[in-house]
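Summary of structural features
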Amino acid sequence: MAPKLNKIKNQTESPEEETPKKEFEELRGTREALLNILEDVEEARKEAEEERDKTLAIIENFPEGLLFFGGENELSSINPKARDFFNLEPENILGKDIGALRKISSLQPLMEILGEELEVYQKELKIREGLVLEVSTIAITSAEEKVGALVILRDVTREKIIERLKTEFVSIAAHQLRTPLSAIKWTLRMILDGDLGEIQQEQRKFLEGTYGSNERMIKLINDLLNVTRIEEGRFLYDIKSQDIIDIVKKVIDSLKQIAKRKRVKFSFKIPKKEIPQVEVDSEKISLAIQNLVDNAIHYTKSGGEVKVSLSYSKKEKQILFSVKDTGIGIPKEQQRRVFTRFFRAANAIRAETEGTGLGLFIAKNIVEAHGGKIWFESVENKGTTFYFTLRA
Ligand code: ADP
């Protein structure tokens, strides 16, 4: 019955009386809507705070050191792990830029490698005896705009110790193997040369096979020793002014027979223009060239061709060495691993070629130690060209 009464009452009210009531109702509605919005805002604020606390907790408890630099390269946060590495108090460093942070002695080495622009890279940094960090920098972007950079510090001390022990083990084992292998080599040589009496054709065939296997083992041992020396920073360079054409010629001469035996056409285009002397360690550069040319012959089938060339750019003051072959090539998807230790491409393994996967790693280290660059172009089943440059 009530709605009916209401209806009657409403009909008796004049329009003047109706207006304030309507306004009142409208105000009440607006108030309610506002309260709802406020409630939503409050909820969103709480959620945002919870998210922020969660993010902060993750950063605070993260097992790796984290430093976040804002848009002006100022340090805007640092977690306890990072502070521990450098024995720092947050109040002394927050808000400071790289230049100011470099003045803090414990932070100086880190700031030096970060540079002014906080470029993206990964590097190792020895902080003190017993603490080696791997430093990575990541640009942080929001809506495709850089808002800062995150520096991650990973303690790799243990990994470094294990790596050193492994290198030492390989080095000792290789040294121990070298002496008996040399003894075998010279004894076989004496027998093959007839110094210990006549040998029959059949015996010679077997002994030559054994001699070849022993030579490959010696090469592997020498490669391993060179790699351990590179890893331990003991691969010393005896730099002198040298004639690069002479160096290349000697390597070519030492490989001519192998190419001939394999029936691979082999040539060295001696440059017509004069090439200035270069400051190099001739033994090491010879080894790098030998590895590249030997590979070119090794990975090219009979009937193929290997071309070695040298050129000089006066403008760039550099020498360009190249060795081009018509061999098996390197599969595209494996090309980025070519200069890593022990890498052997799937097609090389399939072709049952022998190799250690160390030659290019050694060549790259030698070229880069001379301030040069090394690279290659390769198409599977078509051929490969390796290049390197040297300052002249
Ligand atoms: P190794 O030749 O002893 O295996 P390297 O470090 O010299 O070791 O070369 C690594 C790998 O790169 C080789 O096993 C082969 O798969 C590939 N490679 C190097 N040079 C060539 C080349 N000229 N043509 C085709 N593949 C090559």
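Above: the structure in question.
Predicted, not measured: the structure shown is a model, and the values here were computed from it. (Residues numbered from 1 in each chain as written. Predicted model: local features only at pLDDT ≥ 70, side-chain atom pairs only at ≥ 80, totals over all residues. Heavy atoms only, no water.)

Turning our eyes to something else, we now look at the packing of aromatic side chains. Applying the stated criterion to the full structure yields six aromatic pairs. Ring geometry for Phe-321 and Phe-388: centres 4.8 Å apart, planes at 25°, overall stacked. Within this pair, whereas Phe-321 is found in strand 10 (residues 318-325), its partner Phe-388 is found in strand 12 (residues 383-391), the two being separated by 67 residues in sequence. Per residue, the accessibility class of Phe-321 equals that of Phe-388, and both read buried. Site record: aromatic cluster; members linked through ring pairs are Phe-339, Phe-376 and Phe-386. The ring of Tyr-211 has Arg-189 sitting right over it, with the charged end atom 4.8 Å from the ring centre. (Phe/Tyr/Trp six-rings, centres within 6.5 Å; stacked < 30°, edge-to-face > 60°. Helix = DSSP H or I, 4+ residues; strand = E, 2+ residues; numbered from the N terminus. Buried < 20%, exposed > 50% of the residue type's maximum accessible area, 1.4 Å probe, protein only. Lys NZ or Arg CZ within 6 Å of the ring centre and 35° of its normal.)

Before going further, it helps to spend a moment on the sheet that holds strand 12. Taken together, five strands build an open sheet; the order of strands is 7-9-10-12-11 and the sheet is mixed. The open sheet is flanked by strand 7 (265-269) and strand 11 (374-379), the only strands paired with a single partner. Adjacent strand axes in the sheet meet at a mean angle of 10° when their direction is disregarded. As defined by bridge partners, strand 11 adjoins strand 12 across six bridges and the pair is classed as antiparallel. From the neighbouring strand, Trp-375 faces strand 12, where its bridge partner is Tyr-387. Contacts from helix 8 (residues 244-262) reach strand 7, strand 9 (305-313), strand 10 and strand 12, with the element oriented near 170° to strand 7. (Pairing = 2+ DSSP bridges. Axes fitted to C-alpha atoms, helices over the stretch in contact; angles between N-to-C directions. Contact = heavy atoms within 4.5 Å.)

With that settled, consider the layout of surface pockets. A volume near 370 Å³ is recorded for the second largest pocket. For the lining of the second largest pocket, the secondary-structure elements that each account for two or more residues are strand 3 (122-128), strand 4 (131-142) and helix 6 (157-192). Sorting elements by how many residues they give to the lining of the second largest pocket places helix 6 first, with six residues. When its residues are assigned to classes, the lining of the second largest pocket shows three nonpolar, three polar and nine charged. (1 Å grid on protein atoms, 1.4 Å probe; cavity = no way out; pocket = protein on both sides within 12 Å on 5 of 7 lines; lining within 4 Å. Points joined across faces, edges and corners; volume = space filled by probe spheres on them. Nonpolar A, V, L, I, M, F, W, Y, C, P; charged D, E, K, R; others polar.)

Taken together, 19 residues surround the ligand, and among them Asn-295, Tyr-299, Arg-344, Thr-356 and Leu-360 come closest. Between an oxygen atom of the ligand and a main-chain N or O atom of Ala-345, the distance comes to 2.9 Å. The side chain of Thr-384 places a nitrogen or oxygen atom 3.5 Å from a nitrogen atom of the ligand. When the ligand sits alone it has 530 Å² of accessible area, and the protein chains cover 97% of it. Elements that contribute at least two residues to the shell around the ligand include exactly helix 9 (282-298), helix 11 (359-369) and strand 12. In terms of residue class, the shell around the ligand is built from 10 nonpolar, seven polar and two charged. (Near = heavy atom within 4 Å. Polar contact = N/O pair within 3.5 Å; in protein donor to acceptor, adjacent residues only side chain to side chain. Areas by Shrake-Rupley, 256 points an atom, 1.4 Å probe, with all protein chains shown as cover.)

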